[in-house]
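An overview of the molecular structure
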Amino acid sequence: MRISQDWQTATVRRSTPLSPTVRELELLPDAGCSRPAPGSHLPIRLTTADGRRLTRQYSLLGRSDDGLAWRIAVKRCQPSRGGSAAVHALVAGDVLQVLPPQNHFELSVRAPQHLLVAGGIGITPILGMAQALVARGADVRLLYAVRSADDLVYADLLRALLGERLQTFVSSQGQRLDIAAEVARLQPDAQLLLCGPAGLTRAAQAAWHAGGRPAHRLRFETFGAVATEAEPFWVDLPRHNLRFQVATDQTLLQALDANGIATLSDCQRGECGLCAMDVLEVQGRVDHHDVFLSPAERDANRRLCACVSRVRGGGIVLDTAYRPDPA
Ligand code: FES
């Protein structure tokens with residue numbers, strides 16, 4: 001269940017390819033274009049080619065030069081659950097619904113040193129942060145890791161902005177980002193802001209906590225938590241006497257919703273833990289894609305985050321009555 005807010009209309013002004021898989025869009029909101037803080041995202045309602053209504057959240061790059069449009073950049077996922085394909089199908093003149101920008105990934109400019117880390121399309125919130133920190137004369141470096149050179153969108157802009165404070169890592173060229181070593185080099189009070197896939201986020205979390213660093217200095221946002229080779233699996237809910245399938249293009253959370261099971265959720269990226277459910281039994285293997293559960297909890301397979309995690313090779317018996325322990 002999500003809190004309802006006032007949706008407004010916005011018109012697509014431009015859709016520009018940045019790479020074979022990434023497009024940048026300018027969206028003109030009817031109710032005025034507020035200046036988004038670095039790290040903000042834009043909730044958007046989309047309709048897929050087969051008529052499904054989806055809500056997705058995309059990080060904002062900022063506003064267009066004339067201040068009239070919000071800018072987002074979206075990578076087309078393979079496979080797509082529909083959202084990225086629907087965004088890529090948008091053309092100038094299309095009208096859609098948006099909420100005002102929201103920010104759960106705030107940049108604190110007070111830290112004495114900032115390390116920005118972007119994995120792939122995670123560069124979208126990080127770009128605005130880099131611009132804001134450079135404008136303040138802050139001590140900042142940016143590490144930008146991608147699979148192939150094609151994925152290095154905005155690299156020229158970032159090089160002009162940061163010079164040698166930008167380092168890129170292209171894994172297809174054998175370049176690896178050693179996040180543990182980078183964390184170890186930081187000043188004790190440094191801030192790490194990361195946007196990338198769950199694996200990179202988990203590695204950063206582990207290095208951060210191993211170094212005894214203050215938790216509030218690590219901020220992150222994840223994406224791309226959907227399994228790249230998703231397969232359908234069955235779900236049993238004994239409490240509801242219900243059994244159903246989760247399709248490859250559907251999350252467990254969506255399948256629960258489609259079957260009339262109300263489940264709490266918020267981030268839908270495996271970060272907040274609101275959708276975590278008790279696992280009673282597994283046939284096959286749970287693919288945890290969250291960054292909320294601890295490594296020990298993921299290994300134990302007694303809970304899973306329904307927004308991002310899946311099952312391979314069978315199915316799962318769940319208890320829908322999970323509630324967090326009182327603090
Ligand atoms: S909704 Fe936040 S972890 Fe699932």
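Residues numbered from 1 in each chain as written. Predicted model: local features only at pLDDT ≥ 70, side-chain atom pairs only at ≥ 80, totals over all residues. Heavy atoms only, no water.

**Some remarks on the domain arrangement of the chain**
Along its sequence, the chain is carved into domain 1 (8-98), domain 2 (114-222) and domain 3 (233-319). The gap between the C-alpha centroids of domain 1 and domain 3 is 28 Å. Carbon and sulfur atoms supply 33% of the area that domain 1 and domain 3 bury against each other, a total of about 430 Å² over both sides. Where domain 1 packs against domain 3, one counts zero salt bridges. Our count for the contact surface shared by domain 1 and domain 3 stands at zero residue pairs in polar contact (both at pLDDT 80 or more). Its residues assigned to classes, the side of domain 1 that touches domain 3 comprises no nonpolar, two polar and three charged. (Domains from an automatic or database assignment. Buried area = accessible area lost by both parts, 1.4 Å probe. Salt bridge = Lys/Arg side-chain N within 4 Å of Asp/Glu carboxyl O. Polar contact = N/O pair within 3.5 Å; in protein donor to acceptor, adjacent residues only side chain to side chain. Nonpolar A, V, L, I, M, F, W, Y, C, P; charged D, E, K, R; others polar.)

**Points about the sheet that holds strand S6 (residues 95-98)**
Judged by pairing direction, the barrel is antiparallel, and its six strands sit side by side in the order S1-S2-S5-S4-S3-S6 before closing back on the first. Recorded for the sheet is a direction-independent mean angle of 45 degrees between the axes of neighbouring strands. Taken together, the two bridges between strand S3 (residues 41-47) and S6 define a ladder with antiparallel strand orientation. Bridging from a neighbouring strand, Ile44 pairs with Val98 of S6. (Pairing = 2+ DSSP bridges. Helix = DSSP H or I, 4+ residues; strand = E, 2+ residues; numbered from the N terminus. Axes fitted to C-alpha atoms, helices over the stretch in contact; angles between N-to-C directions.)

**So, the pattern of salt bridges**
On inspection of all chains with the given rule, the structure shows 18 salt bridges. Of the charged contacts in the structure, one is a salt bridge between Arg269 and Glu221, with a shortest N-O distance of 3.4 Å. Here the residue Arg269 occupies a position in the loop between helix H6 (252-258) and strand S14 (276-287), and Glu221 occupies one in strand S11 (residues 218-222), the gap between them amounting to 48 residues. The exposure classification of Arg269 matches that of Glu221, with both residues buried. (Buried < 20%, exposed > 50% of the residue type's maximum accessible area, 1.4 Å probe, protein only.)

**Regarding helix H3 (residues 155-162)**
Among the residues making up H3, those that are buried are Ala155, Leu158 and Leu162. Each buried residue of H3 sits inside an arc of 65 degrees when the element is viewed along its axis, so together they form one side. Within H3, the exposed residues directed more than 90 degrees away from the buried face are Asp156 and Ala160. Looking at the buried residues of H3, the elements they touch are helix H2 (123-135), strand S8 (140-146) and strand S9 (166-170). Trailing H3 by a residue or two, Gly163 shows a phi angle of about 55 degrees, which is positive. (Arc of directions from axis to C-beta. Contact = heavy atoms within 4.5 Å.)

**Details of the sheet that holds strand S7 (residues 114-119)**
Taken together, the five strands give an open sheet; going across it, the order is S9-S8-S7-S10-S11, and neighbouring strands pair in parallel fashion. Both edges of this open sheet fall to S9 and S11, since each of them pairs with a single strand only. Within the sheet, the average angular offset between the axes of one strand and its neighbour, ignoring direction, is 10 degrees. The sheet contact formed by S7 and strand S10 (residues 191-196) spans five bridges and is parallel.

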